[in-house]
Amino acid sequence: MKSIFSAVALFALTLSMQAQNTNVTETSKTTVTTVKDSDGEKKVVKEQKTQEAQDIKFKDTKGDPLNKEMEVTPVQTTSVTQITNPDGSTRTVHVDRSAVYTSPGGQKYTLALDPLGYRVTSSELKKPAILRATSTNTYIFRSKDRTSVGYFDTNGDFVLENYDDQSDKVSIEKYTRVK
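Now for a description of the structure that goes with this document. If you're wondering where the values come from, they're calculated on a predicted model, not measured in any experiment. (Residues numbered from 1 in each chain as written. Predicted model: local features only at pLDDT ≥ 70, side-chain atom pairs only at ≥ 80, totals over all residues. Heavy atoms only, no water.)

1. Some remarks on the layout of surface pockets
Okay, so step 1: Counted as a void, the largest pocket has a volume near 480 Å³.
Okay, so step 2: As for the largest pocket, its lining consists of 22 residues, and the residues nearest its centre are L125, A129, F141, S143 and K144.
Okay, so step 3: For the lining of the largest pocket, the secondary structure elements donating two or more residues are β8 (108-113), β10 (129-133), β11 (139-142), β13 (158-164) and β14 (169-177).
Okay, so step 4: With three residues, the single largest contributor to the lining of the largest pocket is β10.
Okay, so step 5: Looking at the lining of the largest pocket residue by residue, the classes come out as 13 nonpolar, one polar and eight charged.
Okay, so step 6: Roughly 340 Å³ of internal volume is contained in the second largest pocket.
Okay, so step 7: Taken together, 13 residues form the lining of the second largest pocket, with V44, L113, D114, P115 and R119 sitting closest to its centre. (1 Å grid on protein atoms, 1.4 Å probe; cavity = no way out; pocket = protein on both sides within 12 Å on 5 of 7 lines; lining within 4 Å. Points joined across faces, edges and corners; volume = space filled by probe spheres on them. Helix = DSSP H or I, 4+ residues; strand = E, 2+ residues; numbered from the N terminus. Nonpolar A, V, L, I, M, F, W, Y, C, P; charged D, E, K, R; others polar.)

This is the structure we're talking about:
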């Protein structure tokens, strides 16, 4: 009895696997950044893997069994970036927010991945500021003169909330992503 049940289950499983028709495209891009400083030469390896999957469906299932038109279906894209630091540690970034952003005053800032989070550079900053992820989808922003909390909104813009000790108020700055 067990063998009959197992055979039926195996047969049903193989039929369900054959019925899943999808077009899958996988691409991989590897970038090696070499930094030379007083400590020597360090390499950071950034590997970005992108997978696009699209279900295959036919417009008309009746009629000619050989020549059928494909129905346009949505493409699901997943992208994972894996960064290997010079010390051998690896971290995974599911959404890479590296881009150029403009401040409310028109100043341009560049966010770039670094071994622990993001590095913020600008012609206005002498030393790069840093962004470090927290467990609540926010980032701690640390520069020479301030520490703030920021997050990315639904449009992909970066919103920074600054606390002022003297006025005991929070001010909000929105940095718009340059497209």
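2. A few points about the pattern of salt bridges
Okay, so step 1: Under the defined criterion, the tally for this structure stands at seven salt bridges.
Okay, so step 2: Among the ionic pairs, K174 bridges to D157, the shortest N-O distance being 3.8 Å. Taken as a pair, K174 in strand β14 and D157 in the loop between β12 (147-152) and β13 lie far apart in primary sequence, 17 residues in all.
Okay, so step 3: What makes K174 partly exposed here is its relative accessible area of 39%.
Okay, so step 4: Residue classification places D157 among the buried residues on the basis of a relative accessible area of 7%.
Okay, so step 5: When salt bridges with common partners are traced through the structure, they connect D153, D157 and K174 into a single cluster. (Salt bridge = Lys/Arg side-chain N within 4 Å of Asp/Glu carboxyl O. Buried < 20%, exposed > 50% of the residue type's maximum accessible area, 1.4 Å probe, protein only.)

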